[in-house]
Amino acid sequence: MSTESVELKQENNWKRYFTWNTDHKVIGVQYLVTAFAFFLIGGALAMLIRTELLQPGIDFMDGTIYNRVITNHGSIMIFLWIIPVLAGFANYMLPLMIGARDMAFPNLNALSFWLIPVGGLFVLLSFFIGAAETGWTAYVPLSIQAPDGQTIWAIGVILLGFSSIFGAINFVTTTFTMRTEGMGFLELPLFVWSMLATSLLILVATPVLTAGLILIAMDRVFGTIFFTVQAGGDPILWQNVFWFYSHPAVYIMILPGMGIISEVLPVFSRKPIFGYIAIALSSMAISVLGLTVWAHHMFTSGMSPALRVPFMITSMIIAVPTGIKIFSWLGTIWGGKLRFTPSMLFSLGFISMFLIGGITGVFQASVPFDLYVHDTYFIVGHLHFVLFGGSVFSVFSGFYYWFPKVTGREMNERLGKIQFALMFIGANLTYLPMFASGMLGMPRRVVDYAPELASLNLLTTIGAYILGTSVIVFFHNAATSWLRGPKATSNPWRALTLEWMTTSPPPIHNFEELPVVTSGPYEYGETPGASDTRQTLEVTGD
Amino acid sequence: MKPRNIILLLILAVILITIGVLVATTIDVSAILPIQASESAIYIDQLFRTMLGIAVVIFLIVEGGLIYAVFRFRRKRGETGDGAPIHGNTLLEVIWTLIPAIIVIVISIYSYQILTEIERPGVKPLVIEVIGKQFAWEFRYPDEEVTTTSLHLPIDREINLQITSEDVIHSFWVPEFRIKRDATPGQISELILRPTEAGTYRILCAELCGPGHAAMVTEVVIESKEEFDDWIEKQSNLAELPSSSPEGRRALFITQACGSCHTLDDANAVGIVGPSLNEIGAIAETRVPGLDAQNYITQSILQPNAYIVEGYTSNLMPNNYGERLTAEELQALVEYLLEQK
């Protein structure tokens, strides 16, 4: 046995996933697996919520327990599922896509990951000791009044914030300094552009939330009075601080997803991306504009009436760069040779559902209509169309797309299609009735509702159970394919970005020899059959 | 572009715009809207229908294009070639940047006009103070010095609600008025409205305020000026009734806002935070072994957490009634509840 194969063997040892490992690919898998585990927990909480709301009346949870469940459902799905799972893809793929051997700061990268299980443990622990029960928004004074779990929860979210910030520093530095020869900014894959936009947003916005949570924790533990009304503190201050991060957080959760869609559509349409520069710049535009819209969450707060109008206008304008992306994606598939792999189906599903999220977002940016539907199930429907129909669909699209690269195995396409069908039907059935129940008078975060809303809520709950089923199909598919799936070649989709120019899975230093970029990432159809000949590396055994 | 395609596109555009206009003006969308009980509701519904019309057109364009592409550009079996190497089209990209920009600017201007209409200060409005507290609403009519747990409004009169909170943030919402406003401690937020449709509607709390959030429901009654004047006069007389009379004991139940959280038909109370008090005089002695009816009711008022009726939550009822009530008032209240059989 040669020394090389011994090294290979060590390299493939599963135990390394449980250690402080600085290989970005190991860290990427750590992120993904951890995030999917939290997705299961957050999803189980969603099933509890929908079961309680299956019919009017208080069935098996009282108001206190219910508030704990919704708070943790929201916090887990946002801070421990969507944000880390997208960071996981970026960790694994970003260095490969720009032809680098690792991230710029490998140890910082490991720290970003390990903060997640620790922060997650705090959030989960809070559940067992009189948990956070104020919604993920933690509005003061309610969050000052809440039991001790609220402090533990705040500590958990602060740690997760640091994880994001460290990750963002790493992505920006890596993208700026470690691109391989020939890769200028206009040759960057759009996923890398989207991570750049996301990371810059994180660097500006996340520290503000972290600071705000420290203020809350201090009010709670040391008796400071930042938010205490009787002492001249201001509850509206928290809303400003919170939304200054938490609205951009929506873009932090959707921009990388849009990046994934922009990778997947050209590959399975066999066509160049339509309007590369427009898509790249619209990511940056969303990132910058995203910092100027936060007070649209506060239109009913009694904030200065005149200030609402400028916030309405900036919020509306975000629809423009978003529209550019949607139309460019349509332009990409138009006239292509579409192949409906599960990855492609989830990308197309993303467009059709995110569109509804985007349009209802414009509705809510309008101040008078927001005075109506703010804090109702209309907003719950809207945010799930964006975060589930958008972000989560993009996660599954990326998962099916990159699974062969990460594991060296193919996923089962038939099960993938079944999962897509169930998830698409389930998601629409869950979230569409929410618009109506909100408009008809159902506030958000209620454990009980008026009897007239029973049939709409029944539909939503049935949809949620279908969604739950689709997730079981997915986990079955992922687990069996990882263990026993057929071996994947280095470039099964005949894609042109650099992560496909190395073996599946890639060797420890990513490339035998660093690639030199001579053409753009999406040059399909330039000369007939060009993309067929460019798949240079066939897998040479593993 | 071929003339035939231009004609097809024009026909498609006409059809789409027709659908949009129909949605905005004629098609019945009342199934997803509560009735309109105030002027603001009429304005906001107009805005909603306009936006819905535009949204339906955009929705049909994108989803239609998506579905068309999925069927039209499906890869044939065995085909391995690529699509045409088209990297973009400047004219198209300018169009799909400008048109959405124009649409959102138009919606913004229209929204601003509607906002100005619904928040135009009225002439000589009826001012009412609204106080949110965990988990009930309280209404004060300052001119008449009346405090109640349900809101009565005269129809077709300008109303100015001065909304605040005693503890955490709540949000005052009547779906039939459409508009809502947060009740924030330490600040007074104004809500202007003009009721247009007589009836009884629900007032909900729209901002998570704790375990009793979902049950923080009371009613708003919109009635004619005469009915309203009668009601307010009756309310101001309540406080002066002696607690030795049955009417006086009922008045005590009402002025202490027990009905915010408890249902009691005798006092027209519809609260749902705590257990119903209908027939409490008969049930009381069965609740806790060793406590007779009188002692059980007294304990439930003074130490509400001592015994919690199944299906209800502890720590929701204020535990300071011992300080708020005089001994005489407490006795009268217990007596009143014992009479409920």
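Computed from a prediction, not measured in an experiment: that's the story for all the values here.

Student: What should I look at first to understand the overall build of chain A in this one?
Tutor: Looking only at helices and strands, chain A has 17 helices and zero strands in total. Relative to the 2.2 N^0.38 estimate, which gives 24 Å for 542 residues, the radius of gyration of chain A is 23 Å and therefore close to what a compact globule would have. Across its three principal axes, chain A shows a C-alpha extent of roughly 70 × 50 × 45 Å. As displayed, chain A offers around 17,600 Å² of accessible surface, 70% of which is attributable to carbon and sulfur atoms. Averaged over its 25 positive side-chain charges, chain A has a centre that lies 6 Å from the centre of its 29 negative ones.

Student: Which parts of the structure should I look at to understand the confidence of the model for chain A?
Tutor: Fine structural detail should not be taken from predicted coordinates in areas where pLDDT scores are low. Residues and elements named next belong to chain A. Per-chain confidence: chain A averages 92 in pLDDT, with 95% of residues scoring 70 or above. Throughout residues 1-7 the model reports pLDDT below 50, and contacts reaching past four residues in sequence, or to other chains, amount to one contact. Note that residues 528-542 has pLDDT below 50 and, in this model, 24 contacts with residues that lie over four places away or in other chains.

Student: I'm lost on the interface of chain A and chain B in this one. Help?
Tutor: Bring the parts together and some accessible area is lost; that lost area is often taken as the interface size. Across the contact, 92 residues belong to chain A and 76 residues belong to chain B. Note on chain A versus chain B: buried area summed over both sides is about 6,900 Å², and carbon and sulfur give 68% of it. Considering only the side of chain A, the residues that lose the most area to chain B are Phe-274, Phe-327 and Tyr-372 of chain A, jointly responsible for 9% of the buried surface there. Scanning the region where chain A abuts chain B turns up four salt bridges. The closest approach of N and O atoms between Arg-270 of chain A and Asp-82 of chain B, which form a salt bridge, is 3.2 Å. Partitioning the side of chain A that touches chain B into residue classes produces 52 nonpolar, 23 polar and 17 charged.

Student: Would you mind showing me how to read the packing of aromatic side chains here?
Tutor: Residue and element names in this part refer to chain A. Following the criterion strictly, the structure yields 62 aromatic pairs over all chains and no others. Geometrically, the ring pair formed by Phe-36 and Phe-39 is edge-to-face, given 6.4 Å between the ring centres and 80° between the ring planes. Taken together, the positions of Phe-36 and Phe-39, both in helix α2 (residues 24-52) and three residues apart, correspond to about one turn of that helix. When its relative accessible area of 5% is taken as the criterion, Phe-39 is described as buried.

Student: How should the state of the cysteines be read in this particular structure?
Tutor: Chemically, a disulfide is nothing more than a covalent bond linking the sulfur atoms of two cysteines. Taken as a whole and assessed by the stated rule, the structure comprises zero disulfides over all chains. Of the cysteine sulfurs around Cys-258 of chain B, a residue in no disulfide, the closest is that of Cys-261 of chain B, at 9.0 Å.

Student: Help me understand the sheet that holds strand β10 (residues 218-223) of chain B, please; the structure alone is not making it clear to me.
Tutor: To summarise the sheet geometry, strands pair through backbone hydrogen bonds and adopt either a parallel or an antiparallel arrangement. Residues and elements named next belong to chain B. Ordered in space as β4-β10-β9-β6-β7, the five strands form an open sheet in which the pairing is mixed. A strand with exactly one partner marks an edge of an open sheet, and here the two such strands are β4 (151-154) and β7 (180-183). Strand-to-strand, the axes of this sheet are offset by a mean angle of 25°, without reference to chain direction. For strand β6 (residues 170-173) and β7, the ladder comprises four bridges, and the chain directions are antiparallel.

Student: What should I look at first to understand helix α11 (residues 319-333) of chain A in this one?
Tutor: Side chains that are three or four residues apart share a direction in an α-helix, a result of its 3.6 residues per turn. Compared with an ideal rise of 1.5 Å per residue, which puts 15 residues at 21 Å, α11 of chain A spans 21 Å between its outermost C-alpha atoms and is within 8% of the ideal. In terms of residue burial, α11 of chain A counts as a mostly covered element, since 14 of its 15 residues are buried.

Student: How should I be thinking about the sheet that holds strand β5 (residues 159-165) of chain B in this particular structure?
Tutor: Residues and elements named next belong to chain B. The sheet built from five strands is open, its strands ordered β3-β2-β1-β5-β8 with mixed pairing. Among the strands making up the open sheet, the edge pair consists of β3 (146-148) and β8 (189-193). For this sheet, the mean inter-axis angle between neighbouring strands, taken without regard to orientation, is 25°. Pairing of strand β1 (residues 126-133) with β5, which is carried by seven bridges, proceeds in the parallel orientation. Each residue of the ladder has a partner; that of Leu-126, found in β5, is Ile-159. Its contacts with the sheet place helix α4 (residues 225-238) against β1, β2 (136-141) and β3, and it is angled at close to 95° to β3.

Student: Explain the packing of helix α8 (residues 235-269) of chain A against α11 of chain A to me, please; I cannot follow it from the model alone.
Tutor: Any two packed helices are characterised by the angle at which their axes cross and by the distance between the axes. Residue and element names in this part refer to chain A. Contact geometry of α8 with α11 gives a least axis separation of 9 Å together with a crossing angle of 15°. As far as their axial angle goes, α11 and α8 are roughly parallel. Seen along the crossing, α8 lies across α11 with a hand that is left-handed. Here α8 contributes Met-258, Ile-261, Ser-262, Leu-265, Pro-266 and Ser-269 to the contact with α11, which in turn contributes Thr-322, Lys-325, Trp-329, Thr-332 and Ile-333.

Student: Where do I start with the nonpolar core in this structure?
Tutor: In a soluble, globular protein the nonpolar side chains are often hidden away together inside. Grouped together as the largest cluster of nonpolar side chains are 247 residues, with contacts concentrated most on Trp-81, Trp-238, Trp-329 and Phe-369 of chain A together with Phe-172 of chain B. The biggest single contributor to this core is helix α3 (residues 63-97) of chain A, with 21 residues. Excluding anything up to four places from it in sequence, Phe-172 of chain B contacts Val-130, Trp-137, Phe-139, Leu-151, Leu-161, Ile-163, Ile-179, Lys-180, Arg-181, Leu-191, Ile-203 and Leu-204 of chain B. With 23 residues, the next largest nonpolar core counts Leu-252, Ala-269, Ile-280 and Leu-330 of chain B among its residues.

Calculation notes
Residues numbered from 1 in each chain as written. Chains lettered and ligands numbered in written order. Predicted model: local features only at pLDDT ≥ 70, side-chain atom pairs only at ≥ 80, totals over all residues. Heavy atoms only, no water. Helix = DSSP H or I, 4+ residues; strand = E, 2+ residues; numbered from the N terminus. Rg over C-alpha atoms; globule rule 2.2 N^0.38 Å. Areas by Shrake-Rupley, 256 points an atom, 1.4 Å probe, with all protein chains shown as cover. Lys, Arg positive; Asp, Glu negative; His and termini not counted. Charge placed at Lys NZ, Arg CZ, Asp CG, Glu CD. pLDDT = per-residue confidence, 0-100. Contact = heavy atoms within 4.5 Å. Buried area = accessible area lost by both parts, 1.4 Å probe. Salt bridge = Lys/Arg side-chain N within 4 Å of Asp/Glu carboxyl O. Nonpolar A, V, L, I, M, F, W, Y, C, P; charged D, E, K, R; others polar. Phe/Tyr/Trp six-rings, centres within 6.5 Å; stacked < 30°, edge-to-face > 60°. Buried < 20%, exposed > 50% of the residue type's maximum accessible area, 1.4 Å probe, protein only. Disulfide = S-S within 2.5 Å. Pairing = 2+ DSSP bridges. Axes fitted to C-alpha atoms, helices over the stretch in contact; angles between N-to-C directions. Expected span 1.5 Å × (residues − 1). Parallel < 35°, antiparallel > 145°, perpendicular 65-115°, else oblique. Left-handed = near helix turned anticlockwise from the far one by under 90°. Core = buried A, V, L, I, M, F, W, Y, C linked by side-chain atoms within 4.5 Å.

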